[in-house]
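An overview of the molecular structure
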Amino acid sequence: MTKNKMRAAGIIFCICLLFLGACEKNSPKTRDKLHVGVTYYDQSDTFMNELIACIREKMEGLGGKDLDITMTVRGASGSQQIQDDLVEEMIYGGCQVLCVNLVDRTDPSDIIELARKNNTPIIFFNREPVEEDMLRWDGLYYVGADSEQSGVLQGELAAEAIQNNKKIDRNKDGKIQFVVLEGEPGHQDTIIRTENAVNTLKKHGIELEKLGSGIANWNRAQAQNRTMQLISQHQGNIELVLANNDDMALGALDAYQKLNYAENELPIFFGIDGTDVGLEAVREGKLSGTVYHDKEGQAAAMAKLAKAAGTGKGMEDIPFQNKKYIFLPCTKVKK
């Protein structure tokens, strides 16, 4: 090879090196991917649908130029077996983290075992598993509100209303006749919210007479039907309705409206959750108060935890209680 040809070949080689270096510098960095699976107990639950919408928003907000977050959401239609199958489907479909609102908080064994075998962390939310189940694996977490606090705050709202308005005791017997609309039988929120609301009223010096209670499974239509039964049993004697959530409080109000009760014949109604429709009812004076569950805060905590658990980065920044739990505070809401 002549000197000129060697010189030309060298120049071409250098140009190729520069071109390859420029391509490498300008080529986009591959984004990491995080696939989060979410399943919740029932698609008809108003609060859960609002919470799921917040989770979507917060998850999208955590994505960025280096991380692509996708989310699969499935409702379980009130069946634990369906939810077990959904969890299996999501794990084998590539979900790296699961967020699970249990149908049956006492029966998460199959879900936990499947997740443990596949090393897929679970963030339980809104329905807290029993402690023994939470201790079965290090990759289990819980995010939710403080059920005891929500019951206490509901009791405080009701006590304040009764103390400030003597007309609530319509029969002037010095006692408040009340009924309770409860969620599911055996559900921890049903038990804890009811007990703490009633005990708080008593601690504030309110003398109570319980006329009855009814299971309405967090559902507005069921609450309406159950309240109509209670009205038929106790006529116009009910002065206070304590409901474990806003939908049931509104269902109780629906029953009175369907029976054409005058406004001055109505009891006072209190809910829990602070759903959009519940807050509007408080604003309009239809509900005397509700307890706001910080769905935005819960969603933000879940999104941050899901990102940390899925990427292995940032777990040290999560404000856990007992290494597994995140509880968000509740707030009293009145007109």
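Residues numbered from 1 in each chain as written. Predicted model: local features only at pLDDT ≥ 70, side-chain atom pairs only at ≥ 80, totals over all residues. Heavy atoms only, no water.

1. A short note on the overall build of the protein chain
- Scanning the protein chain from terminus to terminus reveals eleven helices and twelve strands.
- Projected onto its principal axes, the C-alpha coordinates of the protein chain cover approximately 115 × 40 × 35 Å.
- Within the protein chain, buried positions represent 49% of all 335 residues.
- Pairs at least 24 apart in sequence give 73% of the contacts found in the protein chain among residues at least 6 apart.
- Across the protein chain, the centroid of the 39 positively charged side chains sits 8 Å from that of the 48 negatively charged ones. (Helix = DSSP H or I, 4+ residues; strand = E, 2+ residues; numbered from the N terminus. Buried < 20%, exposed > 50% of the residue type's maximum accessible area, 1.4 Å probe, protein only. Contact = heavy atoms within 4.5 Å. Lys, Arg positive; Asp, Glu negative; His and termini not counted. Charge placed at Lys NZ, Arg CZ, Asp CG, Glu CD.)

2. Some words on helix α10 (residues 276-283)
- Those residues of α10 that fall on the buried side of the exposure criterion are Gly-278, Ala-281 and Val-282. Looking straight down α10, one finds that the buried residues subtend no more than 100° of arc, so they occupy a single side.
- Here the buried face of α10 lies against α9 (246-258), β10 (290-293) and β12 (330-333).
- Taken from the residues just after α10, Gly-285 is the one with a positive phi, measuring 80°. (Arc of directions from axis to C-beta.)

3. Quick look at the sheet that holds strand β9 (residues 268-270)
- If you trace the four strands from one edge of the open sheet to the other, you get β7-β6-β8-β9, paired in parallel fashion. Strand pairing shows two members of the sheet lacking a second neighbour, β7 (208-215) and β9, which therefore form its edges. On average, each strand axis in the sheet is tilted by 20° relative to the strand beside it, whichever way the strands run.
- In this structure, strand β6 (residues 176-182) lies alongside strand β8 (residues 240-243), joined through four bridges in parallel fashion. Each residue of the ladder has a partner; that of Leu-181, found in β8, is Ala-243.
- Of the strands in this sheet, β6 and β7 are in contact with helix α8 (residues 220-234), which crosses β7 at around 140°. (Pairing = 2+ DSSP bridges. Axes fitted to C-alpha atoms, helices over the stretch in contact; angles between N-to-C directions.)

4. Here we look at the sheet that holds strand β11 (residues 325-328)
- Taken together, six strands build an open sheet; the order of strands is β2-β1-β3-β4-β5-β11 and the sheet is parallel. Edge positions in the sheet fall to β2 (67-75) and β11, since each has one partner strand and no second. Ignoring strand direction, the axes of neighbouring strands in this sheet form an average angle of 15°.
- Bridge count for strand β1 (residues 32-40) against strand β3 (residues 97-100) is four bridges, and the pairing is parallel. Counterpart to Gly-37 in the pairing with β3 is Leu-98.
- Of the strands in this sheet, β3, β4 (122-125) and β5 (140-145) are in contact with helix α4 (residues 109-117), which crosses β4 at around 155°.
- Packed onto the sheet, helix α11 (residues 295-311) meets β1, β2, β3, β4, β5 and β11 and runs at close to 170° relative to β5.

5. Considerations on the packing of aromatic side chains
- Tallying each qualifying case throughout the model produces six aromatic pairs.
- Between the aromatic rings of Tyr-325 and Phe-327, the centroid separation amounts to 5.8 Å while the plane-to-plane angle is 5°, which identifies the pairing as stacked.
- Here Phe-327 falls in the partly exposed class, since its relative accessible area comes to 28%.
- Of note, Arg-127 hangs over the ring of Tyr-41, and the distance from its end group to the ring centre comes to 3.6 Å.
- Over the ring of Tyr-141 we find Lys-324; its NZ or CZ atom is 6.0 Å from the centre of that ring. (Phe/Tyr/Trp six-rings, centres within 6.5 Å; stacked < 30°, edge-to-face > 60°. Lys NZ or Arg CZ within 6 Å of the ring centre and 35° of its normal.)

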